[in-house]
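Structural features, examined
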Amino acid sequence: GTYASRHLFLEPGDDKVFLTHPWNETVFPLLKANGYYTGLVGKWHAPSSKHEMAQAFDYRNLYYGWHWMPRNGQVRHVTDLNLEDSIDFLRYRPKDKKFALKVSFFATHAWDGHDPPFEPSSIVHFHTRKQRCIGP
């Protein structure tokens, strides 16, 4: 991506941002074009045009706006979802390709409404998971 001062769109969700600069010359489209398996996990409040996002990322699991989200019948904190999705990317990526993963933590930006604030679960739980999270 690029900074708002370059693409001139300050509101999330405006696909015109892809028209103001050469998207395919930013880091993730370049990595993917050069043989990397690429992924984006977590906070993403920019446009998600399917064509442009597919140029950049092989795997995407995006969420924005909420600290707590339902998954598999449980309401979970997005920090745990970031971890789980990142591990899934690493576990199921093609082993014969270089890779690049961008993990964007939403929870670093705001208080989640709980006192004390959320603390991530033990990573041991994620190493024993059998279910695979499917990409786009």
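Conventions we followed
- Residues numbered from 1 in each chain as written.
- Predicted model: local features only at pLDDT ≥ 70, side-chain atom pairs only at ≥ 80, totals over all residues.
- Heavy atoms only, no water.
- Pairing = 2+ DSSP bridges.
- Helix = DSSP H or I, 4+ residues; strand = E, 2+ residues; numbered from the N terminus.
- Axes fitted to C-alpha atoms, helices over the stretch in contact; angles between N-to-C directions.
- pLDDT = per-residue confidence, 0-100.
- Phe/Tyr/Trp six-rings, centres within 6.5 Å; stacked < 30°, edge-to-face > 60°.
- Buried < 20%, exposed > 50% of the residue type's maximum accessible area, 1.4 Å probe, protein only.
- Salt bridge = Lys/Arg side-chain N within 4 Å of Asp/Glu carboxyl O.

Let's talk about the sheet that holds strand E5 (residues 99-104)
Read across the sheet, three strands follow the order E2-E1-E5 without closing on themselves; strand pairing throughout is parallel. For this open sheet the edge positions go to strand E2 (59-63) and E5, each flanked by a neighbour on one side alone. Direction aside, neighbouring strands of the sheet carry axes that sit 5° apart on average. As judged from the five bridges shared by strand E1 (residues 37-43) and E2, these two strands associate in the parallel manner.

Concerning the pairing of strand E4 (residues 74-77)
As defined by bridge partners, strand E3 (residues 68-71) adjoins E4 across four bridges and the pair is classed as antiparallel. Bridged to Met69 within E4 is Arg76.

Quick look at the confidence of the model for the chain
Per-residue pLDDT for the chain averages 76, and the proportion of residues at 70 or more is 59%. Per-element averaging of pLDDT across the chain places helix H5 (residues 124-127) at the bottom with 43 and E5 at the top with 94.

A word on the packing of aromatic side chains
On inspection of all chains with the given rule, the structure shows four aromatic pairs. Centre to centre, the rings of Tyr37 and Phe89 are 5.3 Å apart; their planes meet at 20°, and the pair counts as stacked. Taken together, the residues Tyr37 in strand E1 and Phe89 in helix H4 (residues 78-92) connect sequence positions 52 residues apart. Each member of the pair, Tyr37 as well as Phe89, is classed as buried. Here the aromatic residues Tyr37, Tyr59, Phe89 and Phe99 are joined through ring pairs into a cluster of three or more.

Section: the environment of Phe28
With respect to the helices and strands, the residue Phe28 is situated in helix H2 (residues 27-33). Phe28 sits in the buried class, given a relative accessible area of 13%. In this structure the C-alpha to C-alpha distance between Phe28 and Phe57, which are 29 residues apart in sequence, comes to 6.9 Å.

Considering the pattern of salt bridges
All told, the structure shown has four salt bridges when counted by the stated rule. Put simply, Glu84 and Arg71 hold a salt bridge, and the shortest N to O gap is 3.4 Å. With Glu84 in helix H4 and Arg71 in strand E3, the pair connects residues that are 13 residues apart, well separated along the chain. When sorted by exposure, Glu84 lands in the same class as Arg71, which is buried.

Details of the environment of Asp96
Mapping Asp96 onto the fold places it in the loop between H4 and E5. Between the C-alpha atoms of Asp96 and Tyr37, which are 59 residues apart in sequence, the distance is 9.6 Å.

What about the environment of Leu62?
If you trace the backbone, Leu62 turns up in strand E2. With 19 residues separating them along the chain, Leu62 and Lys43 place their C-alpha atoms 5.9 Å apart.

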